[in-house]
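# Examining the three-dimensional arrangement
So the chains spell out like this:
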Amino acid sequence: MGTEPKAWYKAKLPPPTHVWQLDTDLEAAYEGMEDIGTGPRYLSHVRKGEYWAEYGGPKTNYMSFFDAYRVVDEDDIVDGRIELIGPDIPEQEPEVTYPLAMTIRIWGSELKEEQTDYALRGILMGVMWTEGWMFTGTKDTIWIRVSKAIAPKMSFKILGQAIRASVLTMCSIVEACEVRFVVATPEMGGADLIDEMLKETRPKWEAIEAKAREMVDEDVDMFYGCTLCRMIAPNHACIVTPSIVPYCGMVTYAACKSIYEMDPQGYIFEAPRGEVFDSMLGWYKGIDEAIWEKSGHRHKHFHLHSIIKYSTTN
Ligand code: SF4
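All values derive from a computational prediction rather than experimental measurement.

In this section: the overall build of the protein chain. Of the regular secondary structure elements, the protein chain holds five helices and 14 strands. For 314 residues, the compact-globule formula gives about 20 Å, and the C-alpha radius of gyration of the protein chain, at 20 Å, lands near that figure. Its C-alpha atoms give the protein chain principal-axis dimensions of roughly 60 × 45 × 40 Å. Counted over contacts in the protein chain with a minimum sequence separation of 6, partners at least 24 positions apart contribute 76%.

This is the structure we're talking about:
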């Protein structure tokens, strides 16, 4: 494991204002967070008037982003390092809005590039399941708030620790995690600074999307489904195909395939197309059967290409 941080961006960033080094023993992953709630019950919305600070969202014209990078060389990551450029939460004025870049580097001896999306979910749960945080959107559409109620005992060190603890414990294929936050104050360049970083990040996303577009539904016999949102909507299940991504935007067909291969008993399930009832509507026997089982016998039919009669829960 490396001991010196690597430069992540060519964009000229100010020096870090805070650097924290966590104990990397997995047993200590949540140490010091005993008075902060974690888990699905803390998935919440923080409303106007309730937030201490918000990052991204409409007031910044969505000029913020969140991304995870797989590190190939173990020596290029400093496990447990949390770096903040900009003011920490207690140093911010109440009800401020800042553009934010939240970048996470992960490494695992067997972690493959196509498994990064799987790890991304573990990372996201680290934010969403931490008491007092609201997180919506993905990539460059994020909107995050931290509540006034939790602000007195919250810092980016704790958020980074929660992210690392979540991804290492939920995705055992990830063995190291390094987190960097950039809170772009006007003095640091605000949205323009984030824009410079985004210029380096967007080509990677575009390459992934271009690769995904190469495949169409007709190329495969097996689709996939996701039931992760059952924790908030008990009968919900999405169907993901090469051409159809769920509204959350969190998984692609390729990511579902790789998640299922790693965790066949998990929240991603196989949905074979089976007999074609109506290709125009996207109505398939195999999808009907899978969704009937996975929706707790709530949905008998799904038309993947129509919202008129039997729309999906996507
Ligand atoms: S794919 Fe569907 S069930 Fe899975 S996280 Fe997204 S919206 Fe929720």
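Turning our attention to the sheet that holds strand β11 (residues 238-240). The strand order β11-β10-β12 describes an open sheet built from three strands, whose pairing is antiparallel. Every interior strand has two partners, whereas the edge strands, β11 and β12 (268-272), have only one. Averaged over all adjacent pairs, the angle separating strand axes in this sheet is 35°, with direction ignored. Summarising the sheet, strand β10 (residues 222-226) and β12 pair through five bridges and their orientation is antiparallel. Across the sheet, residue Cys226 finds its bridge partner in β12, namely Ile268.

Now for the site of the ligand. By nearness alone, every residue bordering the ligand is listed as Cys226, Thr227, Leu228, Cys229, His236, Cys238, Pro246, Tyr247, Cys248, Met250 and Val251. Within the shell around the ligand, the residues separate by chemical class into nine nonpolar, two polar and no charged.

Further remarks concern the packing of helix α1 (residues 116-128) against helix α2 (residues 156-170). Following both chains from N to C, one finds α1 and α2 inclined at 140°, their axes separated by 7 Å at the closest point. Accordingly, the angle class assigned to the pair α1 and α2 is oblique. Handedness of the α1/α2 crossing: right-handed. Contact residues: α1 offers Ala119, Gly122, Ile123, Met125, Gly126 and Val127, while α2 offers Leu159, Ala162, Ile163, Ala165, Ser166, Val167 and Met170. Classifying every residue of the contact of α1 with α2 gives 10 nonpolar, three polar and no charged.

As a further point, take the pairing of strand β8 (residues 143-147). In this sheet, β8 lies alongside strand β2 (residues 51-56) in antiparallel orientation, the contact comprising five bridges. Bridged to Gly56 within β8 is Trp143. Counted along the chain from strand β7 (residues 133-136) to the antiparallel partner β8, the turn is six residues long, and its residue Gly137 has a positive phi close to 85°.

Within the secondary structure, Arg121 is located in helix α1. You can call Arg121 buried: it has 23 C-beta atoms within 10 Å.

Quick look at the sheet that holds β7 now. With mixed pairing, four strands are arranged side by side in an open sheet as β5-β2-β8-β7. Looking at which strands have only one partner, the edges of the open sheet turn out to be β5 (96-98) and β7. Direction aside, the axes of adjacent strands within the sheet are offset by 15° on average.

Cut-offs used in this document
- Residues numbered from 1 in each chain as written.
- Predicted model: local features only at pLDDT ≥ 70, side-chain atom pairs only at ≥ 80, totals over all residues.
- Helix = DSSP H or I, 4+ residues; strand = E, 2+ residues; numbered from the N terminus.
- Rg over C-alpha atoms; globule rule 2.2 N^0.38 Å.
- Contact = placed C-beta atoms within 7 Å.
- Pairing = 2+ DSSP bridges.
- Axes fitted to C-alpha atoms, helices over the stretch in contact; angles between N-to-C directions.
- Near = placed C-beta within 6 Å.
- Nonpolar A, V, L, I, M, F, W, Y, C, P; charged D, E, K, R; others polar.
- Parallel < 35°, antiparallel > 145°, perpendicular 65-115°, else oblique.
- Left-handed = near helix turned anticlockwise from the far one by under 90°.
- Buried ≥ 20, exposed ≤ 12 C-beta atoms within 10 Å, placed from the backbone.

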